[in-house]
Amino acid sequence: MNSPVSRREFLGWIGVMGASGVLAQSNRATGLTHSPFRISVINDEISQDFERACSVASGFGMEWIELRGMWNKNVLELDAHEIAESQRLLKKYTLRVTDIASPLFKVDWPGAPKSKFSPKQDQFNAHFGFDQQDQVLDKSIELAKAFETDRVRCFDFWRLDDPKPYRAEMNEKLRRAAEKAGKQGITLVLENEAACNTGTGKEAAEVLAAVQTPSLMLNWDPGNSATLGETPYPNGYDLLPKNRIGHCHCKDVVKNGDKYEWAAVGKGFVDWVGQLKALKKDGYHFAVSLETHWRGAGSAEESTIQSWVGMKQALQKADAL
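This section reports on the structure supplied with the text. Quantities reported herein were computed from a predicted structural model and do not represent experimental measurements. (Residues numbered from 1 in each chain as written. Predicted model: local features only at pLDDT ≥ 70, side-chain atom pairs only at ≥ 80, totals over all residues. Heavy atoms only, no water.)

**A look at the overall build of the chain**
So, point 1. In terms of helices and strands, the chain carries 11 helices and 12 strands.
So, point 2. For the chain, the residues scored as buried account for 55% of the 321 residues in total.
So, point 3. Residue pairs at least 24 apart in sequence account for 76% of intrachain contacts in the chain once pairs closer than 6 positions are excluded.
So, point 4. With the model as given, the accessible surface of the chain reaches about 13,500 Å², and the carbon-plus-sulfur share is 49%. (Helix = DSSP H or I, 4+ residues; strand = E, 2+ residues; numbered from the N terminus. Buried < 20%, exposed > 50% of the residue type's maximum accessible area, 1.4 Å probe, protein only. Contact = heavy atoms within 4.5 Å. Areas by Shrake-Rupley, 256 points an atom, 1.4 Å probe, with all protein chains shown as cover.)

**Digging into unusual backbone geometry**
So, point 1. A cis amide bond links Tyr233 with the next residue in sequence, Pro234, at an omega value of 10°.
So, point 2. Mapped onto the secondary structure, Pro234 falls in helix H9 (residues 232–238).
So, point 3. Phi at Trp71 is positive, roughly 55°, even though this residue is not glycine.
So, point 4. Structurally, the position occupied by Trp71 is in the loop between strand S3 (69–70) and strand S4 (73–74).
So, point 5. Phi is positive for Phe105, which is not a glycine, with a value near 70°.
So, point 6. Mapped onto the fold, Phe105 is located in the loop between strand S5 (96–104) and helix H5 (133–146).
So, point 7. For Phe105, a relative accessible area of 2% gives the class buried.

**Section: the pattern of salt bridges**
So, point 1. Summed over all chains, the structure comprises 26 salt bridges.
So, point 2. Across the pair Arg52 and Glu301 runs a salt bridge, and its minimum N-O distance is 2.6 Å. With Arg52 in helix H3 (residues 50–59) and Glu301 in helix H11 (residues 300–317), this pair connects stretches of sequence that are 249 residues apart.
So, point 3. Note that Glu179 is salt-bridged to Arg175, the shortest N-O span being 2.7 Å. Taken together, the residues span about one helical turn, with Glu179 and Arg175 both in helix H6 (residues 167–182) at a distance of four residues.
So, point 4. Among the charged side chains, a salt-bridge network with shared partners connects Asp44, Glu45, Arg68, Asp221, Lys251, Glu291 and Arg295. (Salt bridge = Lys/Arg side-chain N within 4 Å of Asp/Glu carboxyl O.)

**Comments concerning the sheet that holds strand S2 (residues 64–67)**
So, point 1. Taken in spatial order, the eight strands of this open sheet run S1-S12-S9-S8-S7-S6-S5-S2, and their pairing is parallel. Taken across any chain shown, the strands that pair with only one partner, and hence form the sheet edges, are strand S1 (38–41) and S2. Across the sheet, the axes of successive neighbouring strands diverge by a mean angle of 25°, strand direction being ignored.
So, point 2. Sheet topology places S1 next to strand S12 (residues 287–290); four bridges connect them, and they run parallel. Bridge pairing links Ser40 to Ser289 in S12.
So, point 3. In this fold helix H7 (residues 201–210) packs onto strand S7 (187–191) and strand S8 (216–220), with an angle of close to 175° to the strand it touches most, S8. (Pairing = 2+ DSSP bridges. Axes fitted to C-alpha atoms, helices over the stretch in contact; angles between N-to-C directions.)

**Observations regarding the environment of Trp64**
So, point 1. Mapped onto the elements, Trp64 comes out in strand S2.
So, point 2. Its relative accessible area of 12% is what places Trp64 among the buried residues.
So, point 3. Sequence separation of Trp64 and Ser289 is 225 residues, and the distance between their C-alpha atoms is 8.7 Å.
So, point 4. Apart from the residues lying within four places of it in its own chain, the contact partners of Trp64 are Arg38, Ile39, Ser40, Val41, Leu95, Arg96, Val97 and Thr98.

**With respect to the side chain of Ser225**
So, point 1. Along the chain, the position of Ser225 falls in helix H8 (residues 222–226).
So, point 2. Ser225 sits in the buried class, given a relative accessible area of 0%.
So, point 3. Setting aside residues up to four positions removed in sequence, Ser225 forms contacts with Asn192, Gly199, Thr200, Gly201, Trp220, Glu230 and Pro232.

**Points about the side chain of Asp156**
So, point 1. Structurally, Asp156 can be placed in the loop between strand S6 (151–154) and H6.
So, point 2. For Asp156, the side chain forms a polar contact with the side chain of Thr198, separated by 2.7 Å.
So, point 3. Look past the residues within four positions of Asp156 in its chain and what remains in contact with it is Phe105, Arg167, Met170, Leu174, Leu190, Cys196, Asn197, Thr198 and Val207. (Polar contact = N/O pair within 3.5 Å; in protein donor to acceptor, adjacent residues only side chain to side chain.)

**Examining the packing of aromatic side chains**
Here the distance between the centres and the angle between the planes together describe a pair of aromatic rings.
So, point 1. Per the counting criterion, the structure on display carries 10 aromatic pairs.
So, point 2. With a centroid separation of 6.4 Å and 40° between ring planes, the pair formed by Phe130 and Phe157 is classed as tilted. With Phe130 in the loop between S5 and H5 and Phe157 in the loop between S6 and H6, this pair connects stretches of sequence that are 27 residues apart.
So, point 3. By relative accessible area, which is 0% here, Phe157 ends up buried.
So, point 4. Site record: aromatic cluster; members linked through ring pairs are Phe105, Trp109, Phe130 and Phe157. (Phe/Tyr/Trp six-rings, centres within 6.5 Å; stacked < 30°, edge-to-face > 60°.)

Written out as structure tokens, the structure reads:
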């Protein structure tokens with residue numbers, strides 16, 4: 001899993017950090033800004049120190065960043081001072097926000113058997129129950145407006161062995177939430193998450209077909225799809241309605257025996273070059289956001305730096321930079 005980077009790659013990402021300002025100017029003049037995608041990274045995949053995360057993202061040459069949490073707080077729990085400070089830092093590093101990566105609907109479905117995926121402890125500093133989801137939605141919309149983005153991430157409830165008895169009610173919950181957001185100019189992007197009921201491309205296509213509202217789109221995550229045994233590209237992707245993809249997460253996966261583990265982008269088996277080529281061909285123009293997850297380089301920041309090397313190479317090979 002922890003494949004060493006080559007000397008060329010090593011020198012490349014050291015150079016990224018050693019001359020971040022120069023590289024950012026160069027990338028913005030000749031590279032990332034010419035991509036058909038909004039090239040981004042989830043901030044807390046770098047650091048809980050939001051200024052450090054912004055500095056690294058800017059050093060990569062990015063003009064976009066995805067917000068999930070900072071200063072050991074979930075983004076939904078930032079106070080007015082922290083929101084203002086975040087806005088100041090975004091302006092300082094000339095970064096725009098792709099979406100609010102909220103934990104909306106990452107909860108158990110009431111009345112169903114408790115999911116084996118329901119966490120025993122908070123994930124990403126989120127600890128909201130089902131009864132709080134209306135407030136989660138309202139706060140997410142408020143934050144989207146504060147950070148001048150039109151998208152909020154959501155999920156499809158913790159995964160059940162058999163969601164069929166509850167599927168119609170779940171779909172209605174998603175529909176009502178999306179329509180509420182849509183009335184305020186916000187789109188919900190449903191992430192296919194292996195621990196939730198929508199985990200694969202096939203499952204995503206089924207939910208999108210059932211919830212026919214333009215304010216619900218897909219946060220397509222090929223890495224998550226792969227951990228459920230689906231070949232994300234081309235198999236899972238081919239099932240998706242391309243005009244309903246509104247966000248994309250970039251990470252990679254390896255398989256050790258019967259276990260799936262995260263890998264640096266380009267070191268796993270997800271066909272990122274093929275996937276990016278297909279997104280470009282199909283006219284996708286929203287975010288492709290690095291969600292490292294892999295920690296094989298010893299820290300979040302170093303692991304994300306190495307993953308960015310692989311992601312950038314895939315973008316270049318796909319003629320998307």
